[in-house]
Amino acid sequence: MAAGLLGAASSQALASPARVDADPAPALDIAPWSLRQGEPVLWHPYGQPSSHERDVVRRSVTLKAATPGAASSLAPLHKLYGTITPNGLVFERHHAGIPLIDPDAHRLALHGLVKSPRVFTMDDLLRFPSVSRIHFLECSGNTGREWNGPSGQPVQVTHGLLSCCEWTGVPLSTLLDEVGYDREAKWILAEGADGAAMSRSIPIRKALDDALIVYAQNGERLRPENGYPLRLFLPGFEGNMSIKWLRRLKLGREPFMTREETSKYTDLMPDGRADQFTFVMETKSVILQPSPGYRLRGAGFYEISGIAWSGRGRIRQVDVSTDGGRSWQRARLDGDPLNRALTRFRIGWQWDGGPARLQSRAVDETGEVQPTREQLVARRGVNSTYHYNGIQSWKVDPSGELSNA
């Protein structure tokens, strides 16, 4: 089984094993950086990556936009380890640029069907009991380029509208209790303070469940591009609904039918009708290492590693195939999967040097299985832009090059 998947016990085999008779002397020479004093403490008051990691950055794909501020950047998932996305690499999606907000002047209004309308300052919000939770955030347009077949793009372009962070803030249910919400209220309008006045209708059942009013991310205050000083966060829902630069919440009986849930962020079906309010990001996974841009250095052992996630809960299992889905083997999950968070999976692979096709398939705790592209297209057609969660394939040719094909 030269090209088969191996368990952890085979990890002693290396992709490019060192020669046992190699002369160790050159490796024991003293390097120049070991012969001089190092940089002083606080050489960067805010810590920076090594200059040798300068290519680990967000990147943007040129899109035709109505305004210069309508743009996005993509997280370099293939260059990251574990499951947490550093703040400086979290993907971006903006509709009117990034507002630079003075937190002392910022306010959050909570009104509509409530007994006691309130306007909260940032100081007010910081006084409420807070929580910290780890969740993924994914744009519903993530991987949309694959609807019509393999795009040929690497993983940062295909899947880069995805990140996972520790989010800290006040449960929205706490604020609703504070103002005394009317039980006739079924929806909440969330509106941002950006130039687009980004607005979405939020089901009140989600608000009462696990919605957060967030002011910190990965242990520090939000970055401006991620909503500073305040954002809504809805675990497992499409990213567009987690309104950044949050300025007001209005309770009502019906959805507010904003631009972002009528002309945008709906799923066009084969019969011409559009599915509306398809909030949940479905079960999904992708292999990050190796992936397009990597080159395998000869036959031998490699670890296949990637991430899986589901807006419906925890990941239960991930299977990996090296033959295009003809056979599957169970991957190992790092730790206990968290609710609506990225889960890292790993499996050993003994590559025989021949053609291969790498795939991963996730299953969540509800039993939902990540579909193939063919299954997804059979159900939803190819007219949609959003909520693509088909199995992704990376082709390996005998040279060791990987491609999206």
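A. Local environment of the side chain of Asn 142. Counting through the fold element by element, Asn 142 comes out in the loop between β6 (131-138) and α3 (155-159). For Asn 142, a relative accessible area of 1% corresponds to the buried category. The residues contacting Asn 142, other than those within four sequence positions of it, are Thr 158, His 159, Gly 160, Leu 161, Leu 162, Lys 284 and Tyr 388.

B. Expanded view of the packing of aromatic side chains. Tallied over the entire structure, the rule returns eleven aromatic pairs. Aromatic pair Trp 187 and Phe 279: ring centres 6.4 Å apart, planes at 65 degrees, arrangement edge-to-face. Pair noted here: Trp 187 is in strand β8 (residues 187-192) and Phe 279 is in the loop between β15 (274-275) and β16 (284-289), with a separation of 92 residues, a long-range link. Taken as a pair, Trp 187 and Phe 279 share a single burial class, namely buried. Both rings, one in Trp 349 and one in Trp 351, keep their centres 6.2 Å apart while their planes meet at 40 degrees; by these two values the pair is tilted. Judged by its relative accessible area of 0%, Trp 349 falls in the buried class. The aromatic ring of Trp 328 is capped on one face by Arg 361, whose charged end is 4.1 Å from the ring centroid.

C. Structural detail: unusual backbone geometry. At the junction of Tyr 228 and Pro 229, the peptide bond is cis and its omega measures out at 10 degrees in the coordinates. The residue Pro 229 is located in the loop between β11 (220-221) and β12 (231-233) in this model. With an omega dihedral of 0 degrees, the bond running from Gln 289 to Pro 290 counts as a cis peptide bond. Along the chain, Pro 290 falls in the loop between β16 and β17 (300-309). Backbone geometry at Asn 218 places phi at a positive 55 degrees, although glycine is not the residue there. Along the chain, Asn 218 turns up in the loop between β10 (212-217) and β11. Phi angles above zero are rare outside glycine, and His 387 is one such case at about 60 degrees. Within the secondary structure, His 387 is located in the loop between α6 (373-380) and β23 (393-396).

Definitions and cut-offs
Residues numbered from 1 in each chain as written. Predicted model: local features only at pLDDT ≥ 70, side-chain atom pairs only at ≥ 80, totals over all residues. Heavy atoms only, no water. Helix = DSSP H or I, 4+ residues; strand = E, 2+ residues; numbered from the N terminus. Buried < 20%, exposed > 50% of the residue type's maximum accessible area, 1.4 Å probe, protein only. Contact = heavy atoms within 4.5 Å. Phe/Tyr/Trp six-rings, centres within 6.5 Å; stacked < 30°, edge-to-face > 60°. Lys NZ or Arg CZ within 6 Å of the ring centre and 35° of its normal.

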